[in-house]
Amino acid sequence: MTTAPTAARSRHINRWAFLPALVLLVWGGLAASGVSFTGDSQAANSSTIGVTVDGAVTLGGTCTTNGTMTGANFLPSAVGAQLLGACTVTQGTTNGSQSLVRVESTRATAGTGIFCQTPITVGASYTEVCAGAAALNFTQATAGSAALADGQFGIQATPGACSAGWGNTLFYPLRDATTAPGAGDIICQTLGSTATTTSTLSFQADPIATQGAGAYTTRAEFTVAAT
């Protein structure tokens, strides 16, 4: 299985964000030195300085390195769910706001599956669709399920310190962009804190007895935002 997570577009605090506080400090220093601000000035000029500080978010971990996971060959179907690969995602904010991480497939629609023998076109997001016979595709895991059924593909999550998101050790689908809300399903939403939290994602599949031979691929994209 192939995953190529997309690094988050983090926004950084503007370096002029602390200018108003600096002005106040200078004003206080001059007043204490006896400098008058109400002398014989004939005119006064003023400037309005507006600064917006957005939530600055950080995203790290092995899910964000545009890497490739190569799983071993599937064992007989009676074995059950089998691990394809795992990665971690670490999230947090620099200003104490909440952060959330989402994940979705690069396939525009689920078609006959989401993990299949249809090749992934790297760099062409939301274009690939699984096609072909059912034996060449895996269907989606049921969100929040404790186990995979035969023929299913899913992500088992071990979330960090999350206020909302996926349940611990439960399975979730890698949903397509037209089904998932917004930029995908929420894996983890943090509490308001500058501390980071790390979640582990385990990609697994449970082949059917007549699973077709060949290479199976999928692609996941991650986005992170401050709330």
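What comes next is a walk through the structure.

The rules behind each value
Residues numbered from 1 in each chain as written. Predicted model: local features only at pLDDT ≥ 70, side-chain atom pairs only at ≥ 80, totals over all residues. Heavy atoms only, no water. Helix = DSSP H or I, 4+ residues; strand = E, 2+ residues; numbered from the N terminus. Buried < 20%, exposed > 50% of the residue type's maximum accessible area, 1.4 Å probe, protein only. Contact = heavy atoms within 4.5 Å. Areas by Shrake-Rupley, 256 points an atom, 1.4 Å probe, with all protein chains shown as cover. Phe/Tyr/Trp six-rings, centres within 6.5 Å; stacked < 30°, edge-to-face > 60°. Salt bridge = Lys/Arg side-chain N within 4 Å of Asp/Glu carboxyl O. Pairing = 2+ DSSP bridges. Core = buried A, V, L, I, M, F, W, Y, C linked by side-chain atoms within 4.5 Å. Polar contact = N/O pair within 3.5 Å; in protein donor to acceptor, adjacent residues only side chain to side chain.

**Some details on the overall build of the protein**
Here's step 1: Regarding its fold elements, the protein presents one helix and eleven strands.
Here's step 2: Scanning the protein from its N terminus toward the C terminus, one meets helices and strands in the order α-β-β-β-β-β-β-β-β-β-β-β.
Here's step 3: Per-residue burial over the protein gives 38% buried out of 227 residues.
Here's step 4: Considering only contacts within the protein whose residues lie at least 6 apart along the sequence, 75% involve residues at least 24 apart.
Here's step 5: Working note: accessible area of the protein is about 11700 Å², and carbon and sulfur atoms make up 58% of it.

**Some thoughts on the packing of aromatic side chains**
Here's step 1: One pass over the structure, following the stated rule, counts six aromatic pairs.
Here's step 2: Here the aromatic rings of Phe 115 and Tyr 216 are separated by 5.9 Å at their centres, their planes lie at 45°, and the arrangement is tilted. With Phe 115 in strand 4 (residues 115-116) and Tyr 216 in the loop between strand 10 (197-206) and strand 11 (220-226), this residue pair connects regions lying 101 residues apart in the sequence.
Here's step 3: The exposure class of Tyr 216 is buried, given its relative accessible area of 8%.
Here's step 4: Three or more aromatic residues link up through ring pairs in this structure, and these residues are Phe 74, Phe 115, Phe 138, Phe 153 and Tyr 216.

**Topic: the pattern of salt bridges**
Here's step 1: Applying the stated criterion across every chain yields a total of one salt bridge.
Here's step 2: Note that Arg 175 is salt-bridged to Asp 185, the shortest N-O span being 2.6 Å. Pair noted here: Arg 175 is in the loop between strand 8 (171-172) and strand 9 (185-190) and Asp 185 is in strand 9, with a separation of ten residues, a long-range link.
Here's step 3: On the accessibility criterion, Asp 185 (12% relative accessible area) is buried.

**Let's talk about the pairing of strand 3 (residues 99-105)**
Across a regular strand the side chains alternate sides, sitting on one face of the sheet and then on the other.
Here's step 1: Counting buried residues along strand 3, seven of its seven residues qualify, which places the element largely inside the surrounding structure.
Here's step 2: As defined by bridge partners, strand 3 adjoins strand 11 across seven bridges and the pair is classed as antiparallel. By the bridge assignment for strand 11, Val 101 is matched with Val 224.
Here's step 3: As paired elements, strand 3 and strand 9 share four bridges and run antiparallel to each other. By the bridge assignment, Val 103 is partnered in strand 9 with Asp 185.

**A look at the nonpolar core**
Here's step 1: By size, the foremost hydrophobic cluster in this structure holds 28 residues, and its most contacted members are Phe 115, Phe 153, Trp 166, Ile 187, Leu 201 and Phe 222.
Here's step 2: Looking at this core, the elements with two or more residues in it are strand 1 (57-60), strand 2 (82-93), strand 3, strand 6 (152-158), strand 9, strand 10 and strand 11.
Here's step 3: At four residues, the largest contribution of residues to this core is made by strand 11.

**Brief notes about the environment of Leu 83**
Here's step 1: Along the chain, the position of Leu 83 falls in strand 2.
Here's step 2: Along the chain, Leu 83 and Asp 206 lie 123 residues apart, while their C-alpha atoms are 9.0 Å from each other.

**Some words on the side chain of Gln 204**
Here's step 1: Positionally, Gln 204 belongs in strand 10.
Here's step 2: We classify Gln 204 as buried; its relative accessible area is 10%.
Here's step 3: Side-chain polar atoms of Gln 204 contact the side chain of Ser 202, separated by 3.1 Å.
Here's step 4: If sequence neighbours within four positions are ignored, Gln 204 has contacts with Ala 81, Gln 82, Leu 83, Leu 84, Leu 148, Gln 152, Phe 153, Gly 154, Gln 156 and Phe 171.

Taken by themselves, the reported measurements are silent on function.
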